[in-house]
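A structural walkthrough
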Amino acid sequence: MAAGVHGGISDGSVVEGNSGRRAIAFTVALSERATSTVSLDYAVTPTSASRGSDFLAPTTPRRLTFVKGANGFTPVAKMVTVPVASDTASEGNETFAVVLSNPSVGVLLADAAGIGTIIDDETVRRPLMGAAVRSTTLAQEPGYADIAGTRFDLLTPENEMKWDVVEPQRGGFDFRAPDAIVTFAVTHGQTVHGHTLAWHQQNPAWLTAGGFTRPELIDILTNHIATVVGRYRGTVSVWDVVNEAIGDDASVRSSIWTTGIGTDAFDIAFRAARTADPNAKLYINDYNIEAPSRKSDALYALVAGMVARGVPIDGVGFQTHRTLGSISAPGLRSQFDRYAALGLDVAITELDVRVPVPASAADLAAQADTYAVARDACIAAPNCASITTWGFTDKHSWIPYFFTGLGAALPWDSNLQTKPAYDVIAPLLRN
Ligand code: 9MR
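The rules behind these values
Residues numbered from 1 in each chain as written. Predicted model: local features only at pLDDT ≥ 70, side-chain atom pairs only at ≥ 80, totals over all residues. Heavy atoms only, no water. Core = buried A, V, L, I, M, F, W, Y, C linked by side-chain atoms within 4.5 Å. Buried < 20%, exposed > 50% of the residue type's maximum accessible area, 1.4 Å probe, protein only. Helix = DSSP H or I, 4+ residues; strand = E, 2+ residues; numbered from the N terminus. Contact = heavy atoms within 4.5 Å. Polar contact = N/O pair within 3.5 Å; in protein donor to acceptor, adjacent residues only side chain to side chain. Near = heavy atom within 4 Å. Nonpolar A, V, L, I, M, F, W, Y, C, P; charged D, E, K, R; others polar. Pairing = 2+ DSSP bridges.

What to know about the nonpolar core
- Of all hydrophobic cores here, the largest spans 89 residues; its most connected members are Trp239, Trp257 and Ile284.
- Looking at this core element by element, the count peaks at eight residues for helix H8 (residues 265–276).
- The residues contacting Trp257, other than those within four sequence positions of it, are Trp163, Ala198, Trp199, Asn203, Leu207, Leu217, Leu221, Gly262 and Ala265.
- Formed by five residues, the second largest nonpolar core is a distinct cluster that contains Ala132, Trp390, Trp398 and Ile399.

Description of the environment of Ser360
- The residue Ser360 is located in the loop between strand E16 (345–356) and helix H11 (361–380) in this model.
- Among the polar contacts made by the side chain of Ser360, one reaches the main-chain amide nitrogen of Asp363 at a distance of 3.0 Å.

Points about the environment of Trp239
- Within the secondary structure, Trp239 sits in strand E12 (residues 236–243).
- With 47 residues separating them along the chain, Trp239 and Val192 place their C-alpha atoms 8.7 Å apart.
- Residues in contact with Trp239, not counting those within four places in the same chain, are Met161, Gly194, His195, Leu197, Val228, Val229, Tyr232, Ala280, Lys281, Leu282 and Tyr283.

With respect to unusual backbone geometry
- Of note, the bond from His195 into Thr196 is cis; its omega dihedral lies within 30 degrees of zero at 5°.
- In this structure, Thr196 sits in strand E11 (residues 191–198).
- Residue Pro358 is bonded to the preceding Val357 through a cis peptide linkage, with omega at -5°.
- Turning to its location among the elements, Pro358 is positioned in the loop between E16 and H11.
- With phi around 65°, Thr320 is a residue other than glycine that occupies positive phi space.
- Its place among the elements puts Thr320 in the loop between strand E14 (315–318) and strand E15 (321–323).
- The exposure class of Thr320 is buried, given its relative accessible area of 0%.

A word on the site of the ligand
- The local shell around the ligand holds 15 residues, among which Glu158, Lys162, His195, Gln201 and Glu350 are the closest.
- Asn159 has a polar side-chain atom sitting 3.0 Å from an oxygen atom of the ligand.
- Within the side chain of Trp390, a nitrogen or oxygen atom sits 2.9 Å from an oxygen atom of the ligand.
- Taken together, the residues of the shell around the ligand break down into four nonpolar, seven polar and four charged.

Here we look at the pairing of strand E9 (residues 128–133)
- For E9, the tally of buried residues reaches five of six residues, placing the bulk of the element in the interior.
- Note: E9 against strand E17 (residues 384–389), four bridges, orientation parallel. Residue pairing in the sheet places Leu128 in a bridge with Ser386 of E17.

Following this line, the structure appears as structure tokens:
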């Protein structure tokens, strides 16, 4: 048997049910003989002992990634929901099988309940896991700081690197807030995703109402990028150089940059960033580009033009602010793959999935499924570098302030308790 991975699934049990779905909890463990990173696809499927039509069909395979730590592999607890045809009074008697669908090499194990499991040892690359954080909350809430510092590989300042914070007066820079996050990340062995250098929002009035000429604006933009990127050279590993370049009408958005400088504003920004830190990855970042659309095509055309002109761009950030069920694996892959063909990375940069609040258990289960689509698309795409959630706790999320009646969009709830969406990303998190 190839690299000799052994493992098993145990403790399968139906933990909750309603007329449309069952939630099933189980634990996956790997033996210490496996290599450092192992991915397993699993699906829940009907068994001969399950009552006929209760389980409609096997679930779509989902992927678990194990990373070997100093103490070996940690067993992973999972909860998965499956569609069922009808409610029954005897949920506790139902049986199911959790099947690992990588059967090319491996061993068939069975636990006490007779659950067959086939184990494989395909080695996968693991995307970095990140979260957007707020400097004031890091300083004020120890529970928040603990999760931020211990579970993620990468932190994105949610607002602290934006123009209105960093350059509130022309040439007058204030780095206190971004420095606090960068210092926190370095202390915790994390990297930083810088956000953002050219955007149409959160710009100070001196900039937007200054009546500057094109040469003046080029000078202002390049000086800002040289100063900010230069300050964090070597610690900020990736920058959203340009944010939200394409409007909802699929044309290049008008902003202080595109109207004041012109169509070459973004090229100028990328070149200035490369000069300031030759090793940082340079991204363009946008929303509603997670599937084929006029907007995603417009972004692709913009990026392909940059590549053709030799503009130093390394990747495309997919914000992924979504609603339940609004992304699909084929949709995401169609976009990831065409940037791979240009030689570019992609990343999921601002993931959240908003639901009506107070959130129902069914919506939180469906939310986990939407998170799983994003996670699995990134794991499967060789050019997907990272998955970052926009915040991590519902206590500190932009959603309720922007969408009346919606919220609960993140993996931890307002009391820092984990939600079903957490179980989806947990295999990729630190610890
Ligand atoms: O989450 C950010 C929120 O706190 C700010 O008030 C808002 C200002 O426009 O920006 C939010 O972050 C945005 C990010 O910078 C770009 N993509 C969309 C995010 C949510 O609006």
